[in-house]
Amino acid sequence: MLQLENLHKSFGGVVAINDVTLNFPAGSLTAVIGPNGAGKTTLFNLITGRFAPDGGRILLDGVDVVGRSPRAVVRAGIGRAFQVASLFPTLTVRESIAGAVQAHEGRAMRLVGRFPQAAGQARTERVLALLRLERAADVLSANLSHGDQKLLDIGLALALEPKVLLLDEPTAGMGPEERWQMMETVQLLWREGGLTLVFIEHDMDIVFKVAQSIRVLSYGAVLAEGDAAAIRANPAVIEAYLGKSAERHAA
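Throughout what follows, the structure given in this document is the object of discussion. Residue numbers restart at each chain and count upward from 1, following the sequence in its written direction. In view of the model being predicted, local features appear only for residues whose pLDDT reaches at least 70, and side-chain atom pairs are presented and counted only at 80 or more, with totals across whole chains, interfaces and linings using the full set of residues. Side-chain numbers come from the whole structure's heavy atoms, not from hydrogens or water.

## A look at the pattern of salt bridges
No. 1: Within this document, salt bridges are pairs made up of a side-chain nitrogen of Lys or Arg and a carboxyl oxygen of Asp or Glu, the two lying within 4 Å of each other. As enumerated under the stated definition, the model contains ten salt bridges in all.
No. 2: In this structure, D168 engages R80 in a salt bridge whose closest nitrogen and oxygen atoms are separated by 3.4 Å. Residue D168 is found in strand β7 (residues 164-168), and its partner R80 is found in strand β6 (residues 78-81); the two are separated by 88 residues along the sequence.
No. 3: Think of it in three bands: with a 1.4 Å probe and only protein chains considered, a residue is buried below 20% of the maximum accessible area for its type, exposed above 50%, and partly exposed in between. Using a relative accessible area of 3% as the deciding quantity, one classes D168 as buried.
No. 4: Residue D138 pairs with R94 through a salt bridge whose shortest N-O separation is 2.9 Å. On the criterion of sequence distance, the pair formed by D138 in the loop between α4 (121-130) and α5 (146-158) and R94 in helix α3 (residues 93-104) is long-range, its members being 44 residues apart.
No. 5: On the accessibility criterion, D138 (61% relative accessible area) is exposed.
No. 6: Overall, R94 belongs to the partly exposed group, its relative accessible area being 27%.
No. 7: When salt bridges that share partners are traced, they join R94, E125 and D138 into one network. Secondary structure counts use DSSP, requiring at least four H or I residues in a row for a helix and at least two E residues in a row for a strand, with both numbered from the N terminus.

What follows is the structure in structure tokens.
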């Protein structure tokens, strides 16, 4: 599904991504972890076309998407939700998702007044239901709680019908209960949406419980790959990232 081959990216004299080769099979649920500055967000920026790699390939269903604009990458089937949600503050939740659906389908979006009810209505309502946002459908985006703003940001990505969904720290800024509620929703999206889902996360309790597989980055390079048991027992990962907390996670 999504394959990264020998990716490189430098900023000035700083190597941000160093010969990264990774495979994310169709229908997989993968966490990308590592210390701050390990290159996780840069990797997502390369995949989505926000940055151009200095070398290497990014294959979606065998087709190299390197060199395409971010919009073209979205149309190819790669969606992304950001660590800090980027929303339309003067639109309601339903209007925001309906607008994204129409834009994806090539129809002009009207920012004044109501959106046409026929076009994309079924998909809009499905996204609302998947994210359990029907209760807030008529609330202005600017008035949503932090957690619901994150959900809406994911909804805007889902409206574009991605094959691959990238989530950059979906639980950032949330309390413990909100974090688990968010990850339950992420798992629901993965199971019911048939997505290949990749998420960046710092909460290791969440990572080890939710992810099918884990990729560890350190200094821009792949340090380790495996399931939860393999990662928390990996000496290099313990030294570079998990530290003493590995003992708690292994318990």
